[in-house]
6 protein chains.
Amino acid sequence: MSNISTDLPSKITTDIDFDKPGVQHGALTMPYSHNLSPWGSILMPVSVFAGGTGPTVLLVGGNHGDEYEGPIACMKLIRELDIDKLTGRVIVIPALNYPAVKNGTRLSPIDGKNMNRAFPGDRAGTVTDMIADYVQRFILPLCDAVADIHAGGRMMSFLPTSVIHRLADARHMDRTLEAAKAFNAPNCLVLEELDPQGMLDTAVEELGTLFISTELGGGGSMSVETVRIAYDGMRNLLVHMGVLSEPLRKNGDTRFLETPDGAFVTAEQDGILEFAAELGQKVSAGEAIAYIHDIDRPMAAPAVYRAPLDGIVMHRHVAGLIGRGDCLSVIAVEI
Amino acid sequence: MSNISTDLPSKITTDIDFDKPGVQHGALTMPYSHNLSPWGSILMPVSVFAGGTGPTVLLVGGNHGDEYEGPIACMKLIRELDIDKLTGRVIVIPALNYPAVKNGTRLSPIDGKNMNRAFPGDRAGTVTDMIADYVQRFILPLCDAVADIHAGGRMMSFLPTSVIHRLADARHMDRTLEAAKAFNAPNCLVLEELDPQGMLDTAVEELGTLFISTELGGGGSMSVETVRIAYDGMRNLLVHMGVLSEPLRKNGDTRFLETPDGAFVTAEQDGILEFAAELGQKVSAGEAIAYIHDIDRPMAAPAVYRAPLDGIVMHRHVAGLIGRGDCLSVIAVEI
Amino acid sequence: MSNISTDLPSKITTDIDFDKPGVQHGALTMPYSHNLSPWGSILMPVSVFAGGTGPTVLLVGGNHGDEYEGPIACMKLIRELDIDKLTGRVIVIPALNYPAVKNGTRLSPIDGKNMNRAFPGDRAGTVTDMIADYVQRFILPLCDAVADIHAGGRMMSFLPTSVIHRLADARHMDRTLEAAKAFNAPNCLVLEELDPQGMLDTAVEELGTLFISTELGGGGSMSVETVRIAYDGMRNLLVHMGVLSEPLRKNGDTRFLETPDGAFVTAEQDGILEFAAELGQKVSAGEAIAYIHDIDRPMAAPAVYRAPLDGIVMHRHVAGLIGRGDCLSVIAVEI
Amino acid sequence: MSNISTDLPSKITTDIDFDKPGVQHGALTMPYSHNLSPWGSILMPVSVFAGGTGPTVLLVGGNHGDEYEGPIACMKLIRELDIDKLTGRVIVIPALNYPAVKNGTRLSPIDGKNMNRAFPGDRAGTVTDMIADYVQRFILPLCDAVADIHAGGRMMSFLPTSVIHRLADARHMDRTLEAAKAFNAPNCLVLEELDPQGMLDTAVEELGTLFISTELGGGGSMSVETVRIAYDGMRNLLVHMGVLSEPLRKNGDTRFLETPDGAFVTAEQDGILEFAAELGQKVSAGEAIAYIHDIDRPMAAPAVYRAPLDGIVMHRHVAGLIGRGDCLSVIAVEI
Amino acid sequence: MSNISTDLPSKITTDIDFDKPGVQHGALTMPYSHNLSPWGSILMPVSVFAGGTGPTVLLVGGNHGDEYEGPIACMKLIRELDIDKLTGRVIVIPALNYPAVKNGTRLSPIDGKNMNRAFPGDRAGTVTDMIADYVQRFILPLCDAVADIHAGGRMMSFLPTSVIHRLADARHMDRTLEAAKAFNAPNCLVLEELDPQGMLDTAVEELGTLFISTELGGGGSMSVETVRIAYDGMRNLLVHMGVLSEPLRKNGDTRFLETPDGAFVTAEQDGILEFAAELGQKVSAGEAIAYIHDIDRPMAAPAVYRAPLDGIVMHRHVAGLIGRGDCLSVIAVEI
Amino acid sequence: MSNISTDLPSKITTDIDFDKPGVQHGALTMPYSHNLSPWGSILMPVSVFAGGTGPTVLLVGGNHGDEYEGPIACMKLIRELDIDKLTGRVIVIPALNYPAVKNGTRLSPIDGKNMNRAFPGDRAGTVTDMIADYVQRFILPLCDAVADIHAGGRMMSFLPTSVIHRLADARHMDRTLEAAKAFNAPNCLVLEELDPQGMLDTAVEELGTLFISTELGGGGSMSVETVRIAYDGMRNLLVHMGVLSEPLRKNGDTRFLETPDGAFVTAEQDGILEFAAELGQKVSAGEAIAYIHDIDRPMAAPAVYRAPLDGIVMHRHVAGLIGRGDCLSVIAVEI
């Protein structure tokens, strides 16, 4: 990361002073010149609560624009955090890929980019690049921990889970596991990213900073339960990090899961998807978990998809239509 | 309906002979000339099982293209109906608005039309019109009962229910109630359509024919349970009508519901939707059931939407984004 | 008009009671079912001020969605009308083609229709048709006069003018001329519509009701002056009709203009438009008023367009690009 | 056709005087108001050559916008017709669906309509409707014969042929056969239209007027040979009708063909199309004429399509991609 | 700029020989391969007038494609420049972002790029990049001065002004000021670019070459006056640089303006824009200059935007609709 | 090519083991995350036939997605290659730009990229980049010869020809000429690429590997003859390389052609294209080969395009519409 410095200014400006004590609600203002707004800009909301000399935690929603638990829980936190109970600093970005959140799509409608593959960003790049660059160079260095709330989005659905990575550094791993326990989601998936390049996760972890993410619900919607998990989890993280002075909100223990090799099931044809197992259901290797039907040949047997291993249905494709190459399901096993 | 006759031929042709005994899997072939297929056509699958001299039942899926329980359960029935157990005729159309089903959208991508507002159709109209005309003039007259399987589609979610209408004719009403009990969905909504013009429901009921519909699940997806309700319900209807000789598949009793005046809640602003009550939950008049958040003003209190009456949450808007004028929720009460 | 009755209800509902005294701000709610809002609706604002037993005047903005003087002046009036000074009823619809106004386009983005060619409308038609039908059957019969504020829109620019029609009925014509004088725009164009079918103008005039329109500014923008003309004109009309008790707002006399045969100049090729005369300029027949340049042949002489008659430049095409068949300019003469 | 009169004026105007002797090159001007041209119009070229008191022949190109032999041969004729050799009147419309021709598509990009299904048109309809209405009411009544030059367009390819219909009236049929012989295309297809409603053909023939059409080449292109057939054919028709005084241009005899029941082969799956027989090739019933390959399963045998009867390959789908329901080929037999 | 050399050839070819005396009208031909033109190219017009051994001036229009004074004045100059009065060389590019000019949009429709952020370009990049690279490497090195005619474009409107930059080099600054006086626009804005990377301005000034730009009119249109300013200004620059031998065209003195910190006013919500002050009007800090109205709440007070400082309204957003983040207005002060 | 190594893994995975003897039909699986498939992938078919210790030949179709001879002939080969007759290894990729082939377009619909300008690719780039990177780093190093089957695609048509490049290395050139003779297409065009950067051709030739390409037919279609040339040519190349043990399929001798400077004719205006010479026709310099007509001025003489030199018509633009800058024709001469 030696090539990342704050020497060059960002093109993004802000009315937020990250060093000022107290509560600030402001925006990152990024230039965005286009046919209908030659000297236009985009205003992405940021709130800062600086209540003591303790650590700094960054809370992020809307990394993908069709995942709503993050924005909702972050906004609720912005309205409900009591500065008097804070012993550190909280930075809240409820809609990190702001154009995508306004559009309700995973990717930015402006540049088609995935915010979670855009780090460390580019100060002279597109809007997504500029945001990533600003976060990388001007916000992450301030932070001791980062929570990034993801959900299934429009096309996927998950058994509600927090997500952490297997980290090479044992102390980093231990601190992360402790944070995940404090976060207290019903499940915690421990992942090894195959291709971590460009993720916010990677940008944070490479700085040695604590990182925790989630996969909650899906279908481009939300539920009372998944918003609660995100909200309580973020508050718990603040408590755990010594930034917020209140009791942990416990709701049972967290089950730790992992996805062995072969856990991902890919669709091999287009068609109408019928799931034969629900999220969270225990399945045995070889058991039928889904069918793909061809509406043009209703009398023909559908393609059968089977569990690749014994485990729990962790993820399913949501939409009624599925395409060749789409991820149909993921099976997880308890650690 | 005196202006509907079979004197003029449809532009649709078919390889199905509705009068022939036995099992036939064929298609309605409708001309569709466009820039990329000047002499093109669309082939919509139809199956017929004629096993005895008993009555005729029409089973329909895919009236709206993003509701999947209908196509899946119809295709399963097509594969599993045993001609030897039939004492009448079953006509199955798994994808009534075939172009919409292929596209995964409520409306036809060809003409933008809602099949369920296109009846009695038009033989010289667009594709949707031609299908409605064919069904109206050449299929409905053959039928003693019709089941039309709807679900929430991409944007709505429902407590699983069958749906019937309040009918002026008492005998028609009684026969319909009996059929709904046999259908055996967990709930049955008894509706008074405000503007029934153009619906398949109306086309069927005006002929004095039995009609039953459903609203199952939603989010443009399916669940094991909702497919089962559709499948068992259609088999039960066949049994009830004396077309299929097997026992009814009972799964508890059906609760009858209705939606009083004022049961529909409409969104009055754009924003991010948070639901505070789940489908099926009992709510009291004035209780908060949802919030709409403005991501541009995260510190501002969200707009609160309250239950208009004591009842059960029957329907919710699914998507994380909602717009002014969208139907946010419907509250039903037990009859 | 014998086929227009209020026997069939509109599909549009409203929280406005047109017969109730006092001030009401409400909406027409029209059903609009589409892929992203199956049970959706559109809410079009309407305000009513009923202050006495005098006549009723309807004030309309946003008949075309890219003409802003109407919506702005109507909204200003809604905020500033003093119910205590009213001796009759004022109905204000600031955005008649509401979807077009939200979209900033002449035509509705929903059905592509021109509101001003949609009368008398169709209760079972598209959104534009439903609005026209409601206005035709339920609002126009209440009215003694109607003002419909038009402007140049995105592609045209006008010398600010009120517009009235030559009417066959002499008394109707006289009353209209008097109203135009009271309206007190700097100019008043007296038109003979070549093809009046479908216009709000026609719908109003066929009822024997007073009608006055405008063409103000353009370029899809507004100016301080054109908003003032619209606002003062509408107040003046209320005063003139005996609905509002205040002095007329006079700003000089109105010049009456007409457009003789041949007054319209049509572009005969595509290219870049250069105007050689400004709006309001006096030109002589044969004088060059515009050039069309071909950017691919910069060394070639541009096509020259000449004034077809002695007169005043009343209208010009705004955009830098013009196409074969576009209206390039209109020349008017004083009556 | 009793409901078609010239009582109502068209919205289309023209600078052509169809009754004036000599040569005129003008346009039909039709109003077309849209977001980018509120008072816009479309100018469709028409030429008239009136050289004597003999009959009138209408020559039409561009009925479909992606068929180029018609426009090219008509423009060539417009430049080369010698008024001094004329003994009657020739009306030439080189681009009947002018917006489609400008766009290079079968259908009009403005209203999506097929000109050849729009007759008798509608004076108050869309642009395509207005053109059909004008031709129906103001041009066809002037004519003794009509030639309408079609070709395969972008998606189809034909063995070059003239096309006439089987007509109930024997004299009408005989006159048409004589005209087809004079037209002298290499082939002449004698068709029975299954659904003739809306065609220019029908509009002409219902008036008892002579009608001849063609299907020439295809692939959205042209060849030297197919332009020659169209050009010579139109000149020959003028000679045959007694309108042009020159010798017939003979190029061998015309072979008469017809398409028996079952001659049309429809694709039943999507895929990559390989033709196994060329246009004009003699094939035997059951012989493989085409394959459809699935690129996702290259090792699988392609679907085989076979000639439905002994005959000549008259038509083939051009594009490399074909879809379920597309017309794959047509086999013709000699009469 | 050490990395910019002419060692690698451009992919652009031209029939222009920049070293040849006399008048040449030619084109830059750049390869542009796409689905509808695999071996296609784009031909961008360039004219060269080489009349003596004096300096070289480059005149540019169409840097943004919706600003028309540049193309019109450049084409007029191309037609009217008298080679016999030239004592140097003039290179005229009337449409620098040629695809954008043909499309009437600020940005290129081919690659979505802003020509004025594309310098120094990329020989192997997109079309916009290739043009910038060619100008940077093969044209700018020939030049002693460059005029780049900008206007407000479709969405902005300006008090007509020339524009120069504050330059670090005093002599460069003085020469630029002298040129601006000679250019003789009514106003001259002296700017400090916040982020000059990628601009043609920067590319020219980094070479130590004289650069002058303009902001004239707007709304995607032109006026007689703004075309005159551009045309006279360019001729005056040629005279001032010693390239054209004729008197300066003086039209009063130039007023010098600047935009202090805080001069830019940004919209903070979406809505309908009403301007309360006209371009050129003197306003005082705190004075209302614009309102943004919410058509969904016509009875609510609009958002008020106030002048941030005492000054002159230099710029306004044109369109009736404005969005959060759009530049609403710029206030300038006299130097 | 020193910067190309296999040190970094591709993001593409495959079930193919290139080192395994025998026949394998598998796929390259590349990640493709987008709004409708967050964890999606694309499966591009690859087949490997390893039958001996001899050399390796790569056969490629679908480098451009609208050229069908390649995919069809490759699929036929995949089905018909007899492993027992192989003495080396054959790798077949029937659809190199798989997304483009599925879409029937030259360029990928995913990233708009031309596969044949994407080499050496980018492992972290778009889908097209990832494919090019995989082929460059993991497949080309295995190969002794590569055949890449191109055709005219939707917009161009060619006299069927193989294509080779003039190579600096004499031995490389000789080997290539021998291979072209063995390939035995009716013509062989010997080309000097003006801008070879990014081509598969270049990537292969820079490794010293044998490369042969084709241009066959066009119009986005295929013919029996052009598929035969591709199929026989690829088999012949296998025989020639010592990979397949069977006789060469000879069909007459190959004529060698080249395109001298000035052989390319470019359209200078938009319009309707009429070709006056057919593919393969001998033309003399100055002879009219095509016309461009202006449908808006049918009476005007069309623009005439003449042969730039004596030669053979090698290529023509197919579509009836042509645009300024499009390649109209290419004339070749015999070597």
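Preceding block: the structure.
Owing to the predicted nature of the structure, the values given are computational and were not obtained by experimental measurement.

Some details on the overall build of chain A
For step 1, the next point in the chain: Of regular secondary structure, chain A possesses six helices and 18 strands.
For step 2, the next point in the chain: Over its C-alpha trace chain A gives a radius of gyration of 21 Å, about what one expects of a compact globule, namely 20 Å for 335 residues.
For step 3, the next point in the chain: For chain A, buried positions account for 62% of its 335 residues.
For step 4, the next point in the chain: Across chain A, the fraction of contacts at a sequence separation of at least 24, relative to all contacts at a separation of at least 6, is 71%.
For step 5, the next point in the chain: Accessible area for chain A stands at about 11,600 Å²; split by element, carbon and sulfur atoms hold 50% of it.
For step 6, the next point in the chain: Charge centroids of chain A, computed over 27 positive and 42 negative side chains, lie 4 Å from each other.

Looking at the sheet that holds strand β17 (residues 321-322) of chain B
Strand pairing in a sheet relies on backbone hydrogen bonds, with the paired strands running either antiparallel or parallel.
For step 1, the next point in the chain: Strand order in the open sheet formed by four strands is β15-β14-β12-β17 (chain B), and the pairing between neighbours is antiparallel. In this open sheet, the two edge strands, each paired with only one partner strand, are β15 (303-306) and β17 of chain B.
For step 2, the next point in the chain: Strand direction decides the pairing type here: strand β14 (residues 288-293) of chain B and β15(B), joined by four bridges, are antiparallel. Pairing of Ala290(B) across the sheet is with Tyr305(B), part of β15(B).
For step 3, the next point in the chain: Relative to strand β12 (residues 271-275) of chain B, helix α1 (residues 69-80) of chain A is tilted by about 90 degrees, and along the sheet it contacts β12 and β14 of chain B.

As for the pattern of salt bridges
For step 1, the next point in the chain: Taken as a whole and judged by the stated rule, the model has 102 salt bridges over all chains.
For step 2, the next point in the chain: Across the salt bridge formed by Glu225(A) and Arg228(A), the nearest N and O atoms sit 3.2 Å from each other. Here Glu225(A) pairs with Arg228(A), and both are found in helix α6 (residues 224-240), just three residues apart, close to one helical turn.
For step 3, the next point in the chain: We classify Arg228(A) as partly exposed; its relative accessible area is 24%.
For step 4, the next point in the chain: Residues Asp294(E) and Arg297(E) are paired through a salt bridge, measuring 3.3 Å at the closest nitrogen-oxygen approach.
For step 5, the next point in the chain: Judged by relative accessible area, which is 32%, Asp294(E) ranks as partly exposed.
For step 6, the next point in the chain: Residue classification places Arg297(E) among the partly exposed positions, given a relative accessible area of 48%.
For step 7, the next point in the chain: Bridged by salt links that share partners, the residues Lys85(A), Glu225(A), Arg228(A), Asp232(A), Arg235(A), Glu246(A) and Arg249(A) form one connected network.

Considerations on the relation of the copies chain B and chain A
For step 1, the next point in the chain: The transformation that overlays chain B on chain A combines an axial shift of 0.0 Å with a rotation of 180 degrees, and the residual RMSD is 0.0 Å. The transformation just described matches what one would write down for a two-fold rotation axis. No C-alpha of chain B lies nearer the rotation axis than that of Gly219(B), which sits 3.2 Å from it.
For step 2, the next point in the chain: A share of 100% of interface residues in chain B that are also interface residues in chain A marks the association as one of identical surfaces.

Looking at the interface of chain B and chain A
For step 1, the next point in the chain: At the junction of the two partners, chain B supplies 46 residues and chain A supplies 46 residues.
For step 2, the next point in the chain: Of the roughly 3,600 Å² buried where chain B meets chain A, counting both sides, 66% is carbon and sulfur surface.
For step 3, the next point in the chain: Taken together, the links from chain B to chain A amount to two salt bridges.
For step 4, the next point in the chain: One salt bridge connects Lys102(A) with Asp296(B), and the closest N-O pair in it is separated by 2.8 Å.
For step 5, the next point in the chain: Counting the contacts that link chain B with chain A gives 14 residue pairs in polar contact (both at pLDDT 80 or more).

Some remarks on helix α1 (residues 69-80) of chain B
All names here are of chain B.
For step 1, the next point in the chain: The terminal C-alpha atoms of α1 lie 16 Å apart, and with twelve residues this matches the ideal 16 Å at 1.5 Å per residue to within 8%.
For step 2, the next point in the chain: Of all twelve residues that make up α1, nine are buried, and the element is covered over most of its length.
For step 3, the next point in the chain: Every buried residue of α1 is listed here: Glu69, Gly70, Pro71, Ile72, Ala73, Cys74, Met75, Leu77 and Ile78.

Structural notes on the relation of the copies chain F and chain E
For step 1, the next point in the chain: With an RMSD of 0.0 Å, the fit of chain F onto chain E corresponds to turning through 120 degrees and sliding 0.0 Å along the axis. As the rotation angle and translation indicate, the two copies are arranged about a three-fold axis. Minimal C-alpha separation from the rotation axis in chain F is found for Asp111(F), amounting to 6.9 Å.

Describing the sheet that holds strand β14 (residues 288-293) of chain C
For step 1, the next point in the chain: What the four strands build is an open sheet, ordered β15-β14-β12-β17 (chain C); its pairing is antiparallel. Edge strands, defined here as strands with exactly one partner in the open sheet, are β15 (303-306) and β17 (321-322) of chain C.
For step 2, the next point in the chain: Where helix α1 (residues 69-80) of chain E meets the sheet, its contacts fall on β12 (271-275) and β14 of chain C, and the angle it forms with β12(C) comes to roughly 90 degrees.

Conventions used here
- Residues numbered from 1 in each chain as written.
- Chains lettered and ligands numbered in written order.
- Predicted model: local features only at pLDDT ≥ 70, side-chain atom pairs only at ≥ 80, totals over all residues.
- Heavy atoms only, no water.
- Helix = DSSP H or I, 4+ residues; strand = E, 2+ residues; numbered from the N terminus.
- Rg over C-alpha atoms; globule rule 2.2 N^0.38 Å.
- Buried < 20%, exposed > 50% of the residue type's maximum accessible area, 1.4 Å probe, protein only.
- Contact = heavy atoms within 4.5 Å.
- Areas by Shrake-Rupley, 256 points an atom, 1.4 Å probe, with all protein chains shown as cover.
- Lys, Arg positive; Asp, Glu negative; His and termini not counted.
- Charge placed at Lys NZ, Arg CZ, Asp CG, Glu CD.
- Pairing = 2+ DSSP bridges.
- Axes fitted to C-alpha atoms, helices over the stretch in contact; angles between N-to-C directions.
- Salt bridge = Lys/Arg side-chain N within 4 Å of Asp/Glu carboxyl O.
- Least-squares fit on C-alpha atoms with pLDDT ≥ 70 in both.
- Buried area = accessible area lost by both parts, 1.4 Å probe.
- Polar contact = N/O pair within 3.5 Å; in protein donor to acceptor, adjacent residues only side chain to side chain.
- Expected span 1.5 Å × (residues − 1).

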